[in-house]
Amino acid sequence: MRVFLIGFMGSGKTHWGKQLAAQLTIPFFDLDEVITTLEKRTIPEIFAESGEESFRITEKKCLEELIENHSSMVLSCGGGTPCFFNNIDLMKKYGIVVWLNTNIEILLQRLLKEKLTRPLLKNMADAELKSYIIRKLNERRMYYEQSDVILDNENSISVNAFIQTILHA
Ligand code: S3P
């Protein structure tokens, strides 16, 4: 079983992914961490030194390798992962794709605190962040909506309810 967790930056993919993998007793990976280990550079360094296009190519390569090497895993993807190349099709073909559709106010509160670790946000004034989230989410929605499972209120459910929803899918 492969579970791909997708959603906007700050939607809690890593938090839920770790808990889900522990409960299912299957390996957990965070795609950004896999990229960082391979490149021996942080995500902001990759963006700054090589550009987003190069990051997206590495992201795809790491996604393909993880799928090839692990028939069971929970993978927490980056916010943009499903929106480039045919990544969403690949994930749907080889596993269950779960979208954490976290509400915009929660994303905003989290991202205001975590802006600096995210190259797409780090130069943005706090006042611009909300309109950026709304715009980017609207651009990405068409990819996120292709998920097999959509969790609209994941903050209010228990790990067990979260897992049951995924297993039913
Ligand atoms: C990105 C999200 C980040 C990381 C990179 C690009 C995006 O991952 O992959 O900064 O395009 O939304 P998180 O969603 O884990 O922050």
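Before going into details, it helps to say that this report is about the structure given with it. Numbering of residues starts from 1 in every chain and runs along the sequence as written. Local features are withheld for residues below a pLDDT of 70 in this predicted model, meaning they are given only at 70 or higher, and side-chain atom pairs are given and counted only at 80 or more; totals for whole chains, interfaces and linings count all residues. Side-chain numbers here rest on the full set of heavy atoms in the structure, without hydrogens or water.

## Quick look at unusual backbone geometry
Phase 1 of the analysis: For Thr25, which is not glycine, the phi torsion reads 45° and is therefore positive.
Phase 2 of the analysis: Strands here mean DSSP runs of E at least two residues long; helices mean DSSP runs of H or I at least four residues long; both are numbered from the N terminus. For Thr25, the position within the fold is in the loop between helix 1 (13-24) and strand 2 (28-30).
Phase 3 of the analysis: Overall, Thr25 belongs to the exposed group, its relative accessible area being 70%. For each residue, the accessible area found with a 1.4 Å probe, counting protein chains only, is set against the maximum for its type, and the residue is called buried under 20%, exposed over 50%, and partly exposed in between.

## Comments concerning the pattern of salt bridges
Phase 1 of the analysis: Every case where a carboxyl oxygen of Asp or Glu lies within 4 Å of a side-chain nitrogen of Lys or Arg is listed as a salt bridge. Counting across every chain of the model gives 9 salt bridges.
Phase 2 of the analysis: Put simply, Arg56 and Glu52 hold a salt bridge, and the shortest N to O gap is 2.9 Å. Taken together, the residues span about one helical turn, with Arg56 and Glu52 both in helix 4 (residues 52-69) at a distance of 4 residues.
Phase 3 of the analysis: Under the relative-accessibility criterion, Arg56 is labelled buried at 4%.
Phase 4 of the analysis: Residue Lys136 is joined to Glu139 by a salt bridge in which the shortest nitrogen-to-oxygen separation is 3.5 Å. Highlighted residues: Lys136 and Glu139, both in helix 7 (residues 126-144), separated by 3 residues, approximately one helical turn.
Phase 5 of the analysis: Judged by relative accessible area, Lys136 falls into the buried class, the value being 18%.
Phase 6 of the analysis: One network of salt bridges, in which partners are shared, links Glu39, Arg41 and Glu49.

## Notes on the packing of aromatic side chains
Phase 1 of the analysis: Ring pairs shown here join Phe, Tyr and Trp side chains whose ring centres sit within 6.5 Å, with only the six-membered ring taken for Trp; geometry is labelled stacked below 30 degrees between planes, edge-to-face above 60, and tilted in between. Inspection of every chain in the model, using the stated rule, returns 3 aromatic pairs.
Phase 2 of the analysis: Judged by centre distance (4.1 Å) and plane angle (15°), the ring pair of Trp16 and Phe162 falls under stacked. Highlighted residues: Trp16 in helix 1 and Phe162 in helix 8 (residues 159-168), separated in sequence by 146 residues. With respect to class, Trp16 is no different from Phe162; both count as buried.
Phase 3 of the analysis: Between the aromatic rings of Phe47 and Phe55, the centroid separation amounts to 4.8 Å while the plane-to-plane angle is 45°, which identifies the pairing as tilted. Residue Phe47 shares its accessibility class with Phe55, and that shared class is buried.

## Describing the packing of helix 2 (residues 31-39) against helix 4
Phase 1 of the analysis: One way to put it is that helix 2 packs onto helix 4 with a least axis distance of 10 Å and a crossing angle of 105°. The orientation of helix 2 relative to helix 4 falls into the category roughly perpendicular. Contacts between helix 2 and helix 4 involve Leu31, Asp32, Val34, Ile35, Leu38 and Glu39 from the former and Phe55, Thr58, Glu59, Lys61, Cys62, Leu63 and Leu66 from the latter. Geometry is summarised by axes, namely lines fitted to C-alpha atoms with helices restricted to the contacting stretch, and by angles between N-to-C directions that run from 0 to 180 degrees. Working definition: roughly parallel below 35 degrees, roughly antiparallel above 145 degrees, roughly perpendicular at 65 to 115 degrees, and oblique for all remaining angles. We call two residues in contact when some of their heavy atoms are within 4.5 Å.

## Focus: the layout of surface pockets
Phase 1 of the analysis: In this structure, the largest pocket spans a volume of roughly 540 Å³.
Phase 2 of the analysis: A cavity, in this analysis, means grid points on a 1 Å lattice covering only the protein atoms where a 1.4 Å probe fits yet has no way out; a pocket is instead an open set bounded by protein on both sides within 12 Å along at least five of seven lines, and a residue lines either one if it has an atom within 4 Å of a point. As for the largest pocket, its lining consists of 27 residues, of which Met9, Asp32, Gly78, Gly79 and Arg118 are closest to the centre.
Phase 3 of the analysis: Counting only elements with at least two residues in the lining of the largest pocket, the list comes to helix 1, helix 2, helix 3 (43-50) and helix 4.
Phase 4 of the analysis: Counting residues per element, the lining of the largest pocket draws most heavily on helix 2, which supplies 4 residues.
Phase 5 of the analysis: Taken together, the residues of the lining of the largest pocket sort by class into 9 nonpolar, 10 polar and 8 charged. Grid points are joined across faces, edges and corners, and a volume is the space filled by probe spheres set on the points. Three classes are used: nonpolar for Ala, Val, Leu, Ile, Met, Phe, Trp, Tyr, Cys and Pro, charged for Asp, Glu, Lys and Arg, and polar for all others, with Gly counted as polar.

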